Amino acid sequence: MATSSTTAVPMSNETDRQALLAIKDLVQGDAFPVFRSWNHSVHFCKWDRVTCGRNLTFLRAIDLSNNFHGIIPKEIVRLYRLQQLFLANNSFEGKLPTNMTRWSNIKEMDLMNNNLGGEMPVVVSSLSSLTRLGLGLNNFRGLIPASFGNLSELSALSLSDNKLVGSIPFELGRLSKLHFLQLSSNNLTGMIPPQLYNMSSLRFVSLVANQLHGSLSPDFGLALPKLQEVYIGSNHFNGPIPSSIGNASRIVKLDITNNTINGPTPKSLGNLKDLEFFGAAMNQLETNRGNELSNVMNTLSNCSNLRRFSLATNNFSGLLPHSIANLSKFLSQLHLQENYISGSIPVGIANLLNLQGIIVFGNMLSGSIPESIGKLTKLEQIYMYANDISGKIPSSIGNLSQLSILALAENRLEERIPDSLGNCKRLLAIDFGSNNLTGTITGQIFRLSSLSIGLFLGGNQLTGPIPTIGNLRNLEQLDISDNKLSGGIPASLSSFQVLESLSLAGNHSEGTIPESLSQLKGIQFLDLSRNNLSGQIPKFLGELNSLQSLNLSYNMFEGEIPIDGLFKNASAFSVVGNSKLCGGVEELQLPACPAKVRESMVLFTKGFSTLLEKQLL
């Protein structure tokens with residue numbers, strides 16, 4: 001009887017209760033109020049964050065997720081009957097308890113998002129009942145233990161966002177029940193072990209942001225038919241996308257971004273009827289065949305659930321095909337930037353009524369922006385800069401009430417800026433720089449109180465005065481340089497409360513720098529060069545504490561250069577091309593200003609001259 005009683009003690013409810021109280025005494029954090037219920041007045045199975053089995057017969061789970069810190073108390077290993085341990089999203093640090101081998105019943109252990117460190121604990125391999133193991137978002141280092149392949153019941157394994165090195169152990173291929181594998185954001189090297197292609201139960205795999213290399217198995221889709229989400233971006237994988245990918249017909253998300261994968265996109269991709277996201281940016285897709293992009297669009301048009309896809313920064317060339325209009329009605333993001341795509345934007349793009357982003361910058365697109373773009377009323381972002389697009393900016397853009405970014409710079413757009421832009425009340429940034437736009441700057445733009453990121457109109461043929469600033473109190477950058485603007489600098493520029501960068505360079509502005517600019521307390525970069533500004537350089541410019549760079553070159557300023565604040569540092573400002581300036585810091589090597597005659601001496605001289613004149617009369 002004595003022996004039986006002795007072995008029963010470690011498995012008793014009293015043991016669990018005492019262990020929990022010990023944990024309470026050691027764990028600290030913002031969530032400490034949860035421990036108020038941990039007292040002697042109620043059974044521990046009724047304490048917050050504690051779950052027991054049926055009829056309160058044993059402790060099943062403890063959940064101390066969120067807002068705790070310190071080290072994981074060693075007393076926690078006294079919870080011998082524990083099945084689930086949740087300590088995620090805390091600031092626990094140090095190493096895991098070495099005697100966790102006592103947790104023979106543990107099935108789920110989630111220690112994600114802490115500051116735990118040391119070598120990846122081999123002792124975990126002895127917890128043969130584990131079905132879910134989360135050690136990601138910590139500071140574990142070293143190799144992935146090959147013995148993890150002994151956790152035969154494991155269905156989910158996350159070791160992401162640590163400092164793991166070495167190769168993926170082939171022993172993981174023995175985990176026949178694994179359906180979730182996350183090894184992303186480490187420093188793993190080598191190739192994908194062939195044994196991993198035996199894990200036919202896999203539904204989710206993420207190897208993103210490692211140093212893995214090699215080509216994908218030709219049997220990729222055949223070997224892993226249950227795959228739903230695949231993330232292998234930001235590695236060094238090469239070779240083609242396996243045509244067998246179409247056999248993994250359950251795939252919903254496929255991300256191969258930022259590798260050196262090459263060759264054509266397989267037509268079998270069109271077999272993925274449930275595909276919602278396809279990320280293939282920053283690779284070397286496409287051969288020299290000019291019709292490859294058309295083939296890709298035809299293939300993806302079979303994926304009727306497609307929401308987003310990106311073929312950006314590849315080698316696609318040829319015309320932007322009209323078949324783009326046949327893509328999924330659910331498509332929200334179209335990313336084709338930084339390729340060699342030519343031709344005009346098809347009118348049929350208006351069929352993609354759920355489109356929120358058109359990202360096609362850095363190509364060779366020509367023709368005009370179709371008026372039909374105004375039908376895409378869900379559009380939030382248009383990035384078409386650095387192409388060869390011509391014609392006028394369609395007034396129908398004013399229908400895009402959700403638009404926040406409109407970037408059309410570095411094209412050959414012409415005619416006036418449409419007044420209808422004033423209807424786009426959510427615009428954060430407008431970039432029309434380096435085009436051939438003419439006419440005056442519409443006052444509607446300067447009344448868009450939503451503009452905050454920037455307004456860029458530089459490098460056009462705009463004329464007339466700078467409009468009176470309206471509601472742009474939140475604007476951070478304004479560039480209207482290299483146009484043909486005339487008149488004075490409007491005093492209303494002082495209404496820019498948070499302006500950091502202002503360029504009026506290369507215009508025909510005249511007059512003096514208004515005193516009101518002293519209100520630009522956040523200004524960091526100010527460029528007024530290459531104008532017809534005159535008068536003295538105001539001292540307040542040197543008193544703007546945030547100002548880092550000032551360019552006043554090639555104007556008609558005269559008189560003494562201030563020597564305080566910014567003007568103490570010759571490398572922080574430029575005044576070249578103003579022939580009537582003098583003084584300033586020694587590095588400028590300008591002539592000294594004429595000596596100032598004291599006012600009292602001037603009055604004395606005038607008085608003496610008057611007296612002398614009277615005596616001579």
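Keep in mind that this is a model prediction, so the values were computed, not measured. (Residues numbered from 1 in each chain as written. Predicted model: local features only at pLDDT ≥ 70, side-chain atom pairs only at ≥ 80, totals over all residues. Heavy atoms only, no water.)

Caption draft 1: Here's a closer look at the state of the cysteines. Summed over all chains, the structure comprises two disulfides. Note on cysteine connectivity: C45 is disulfide-linked to C52, with sulfurs 1.9 Å apart. Taking the sign of the S-S torsion, -85° for the link of C45 and C52, the bridge is left-handed. Each of the two residues, C45 as well as C52, counts as buried. A disulfide bridge connects C582 with C593, and the sulfur atoms are separated by 1.9 Å. Note on the C582 and C593 pair: the S-S dihedral is about 100°, so by sign convention the disulfide is right-handed. Highlighted residues: C582 in strand β46 (residues 580–583) and C593 in the loop between β46 and α5 (599–616), separated in sequence by 11 residues. If the cysteines joined by disulfides in the protein are listed in sequence order, their pairing comes out as 1-2, 3-4. (Disulfide = S-S within 2.5 Å. Buried < 20%, exposed > 50% of the residue type's maximum accessible area, 1.4 Å probe, protein only. Helix = DSSP H or I, 4+ residues; strand = E, 2+ residues; numbered from the N terminus.)

Caption draft 2: Region of interest: helix α2 (residues 13–26). Compared with an ideal rise of 1.5 Å per residue, which puts 14 residues at 20 Å, α2 spans 20 Å between its outermost C-alpha atoms and is within 8% of the ideal. Where α2 is buried, its residues contact β2 (50–52) and β3 (59–63). (Expected span 1.5 Å × (residues − 1). Contact = heavy atoms within 4.5 Å.)

Caption draft 3: View of the nonpolar core. Core analysis: the largest hydrophobic core is formed by 168 residues, its most contacted members being F278 and F309. Those elements giving two or more residues to this core turn out to be α2, β2, β3, α4 (292–300) and β44 (556–561). Setting aside residues up to four positions removed in sequence, F278 forms contacts with I241, L254, I256, L269, L300, L306, R308, F309, S310 and L311. (Core = buried A, V, L, I, M, F, W, Y, C linked by side-chain atoms within 4.5 Å.)

Caption draft 4: Representation of the side chain of S158 in the model. Relative to the assigned elements, S158 resides in strand β11 (residues 156–158). Within the structure, the side chain of S158 is placed 2.7 Å from the side chain of Q182, a separation counted as a polar contact. In contact with S158, other than residues within four places in its own chain, are M112, L133, G134, L135, G136, F180 and Q182. (Polar contact = N/O pair within 3.5 Å; in protein donor to acceptor, adjacent residues only side chain to side chain.)

Caption draft 5: Expanded view of the packing of aromatic side chains. In total, this model carries 11 aromatic pairs according to the counting rule given. Aromatic side chains F44 and W47 sit 6.3 Å apart centroid to centroid with 70° between the ring planes, which places their arrangement in the edge-to-face category. With a centroid separation of 4.3 Å and an interplanar angle of 10°, the aromatic rings of F180 and F204 are classed as stacked. You can see F180 sitting in strand β13 (residues 180–182) and its partner F204 sitting in strand β15 (residues 204–206), a full 24 residues away along the chain. Given the relative accessible area of 25%, F180 is considered partly exposed. Grouped by ring-pair contacts, the aromatic residues F35, W38, F44, W47 and F68 constitute a single cluster. The ring of F330 has R307 lying over it, and the distance from NZ or CZ to the ring centre is 4.4 Å. (Phe/Tyr/Trp six-rings, centres within 6.5 Å; stacked < 30°, edge-to-face > 60°. Lys NZ or Arg CZ within 6 Å of the ring centre and 35° of its normal.)

Caption draft 6: Region of interest: the sheet that holds strand β34 (residues 436–437). The strand order across the open sheet built from three strands is β30-β32-β34, with neighbouring strands paired in parallel fashion. Single-partner strands in this sheet number two, and they are β30 (390–392) and β34. (Pairing = 2+ DSSP bridges.)

Caption draft 7: Region of interest: α4. Along α4, the residues that are buried comprise E292, L293, V296, M297, T299 and L300. Looking straight down α4, one finds its buried side chains confined to an arc of 160°; they lie on one side. Lining the buried residues of α4 we find β21 (277–279), β23 (308–310), β24 (317–319) and β26 (340–343). (Arc of directions from axis to C-beta.)

Caption draft 8: Structural context of the environment of F573. Take F573: it is sitting in strand β45 (residues 573–574). The spatial distance from the C-alpha of F573 to the C-alpha of L552 is 7.6 Å, given a sequence separation of 21 residues. Beyond its immediate chain neighbours, meaning those up to four positions away, F573 contacts L550, I561, L566, F567 and L588.

Caption draft 9: Structural detail: the side chain of D255. With respect to the helices, strands and loops of the structure, D255 is situated in strand β19 (residues 253–255). There is no salt bridge for the buried D255, and the closest opposite charge comes from R308, which lies 9.1 Å off by N-O distance. Residues contacting D255, with those up to four places away along its chain left out, are V230, Y231, I232, G233, F277 and G279. (Lys, Arg positive; Asp, Glu negative; His and termini not counted. Salt bridge = Lys/Arg side-chain N within 4 Å of Asp/Glu carboxyl O.)

Caption draft 10: The sheet that holds strand β38 (residues 484–487), seen in detail. Pairing is parallel across the open sheet formed by six strands, whose spatial order is β36-β38-β40-β42-β44-β46. In this open sheet, the two strands that pair with only one neighbour each are β36 (463–465) and β46. Along the sheet, successive strands turn relative to each other by an average axial angle of 20°, direction set aside. Of the strand pairs in this sheet, β36 and β38 are connected by three bridges, and their pairing is parallel. By the bridge assignment, G464 is partnered in β38 with L485. (Axes fitted to C-alpha atoms, helices over the stretch in contact; angles between N-to-C directions.)

Caption draft 11: Representation of the pattern of salt bridges in the model. Counted by the stated rule, this structure contains seven salt bridges. Salt-bridge contacts for R141 lead to E119; the nearest nitrogen and oxygen are separated by 3.6 Å. A residue pair is termed long-range when its members are at least 10 positions apart, and R141 in strand β10 (residues 139–142) and E119 in strand β8 (residues 115–119) qualify at 22 residues. Taking relative accessible area as the criterion, R141 reaches 42% and is therefore assigned partly exposed.

Caption draft 12: Just unusual backbone geometry, in detail. Phi is positive for S234, close to 55°, though the residue is something other than glycine. Turning to its location among the elements, S234 is positioned in the loop between β17 (229–231) and β18 (236–239). The class of S234 is partly exposed, set by a relative accessible area of 29%. Backbone geometry at Q589 places phi at a positive 55°, although glycine is not the residue there. Mapping Q589 onto the fold places it in the loop between β46 and α5.

Caption draft 13: Summary view of the environment of T463. Note that T463 resides in strand β36. The exposure class assigned to T463 is partly exposed, which follows from its relative accessible area of 32%. In sequence terms T463 and E500 are 37 residues apart; their C-alpha atoms lie 25 Å from each other. In this view, T463 contacts G439, T440, I441, K484 and L485; residues no more than four positions away in its chain are not counted.

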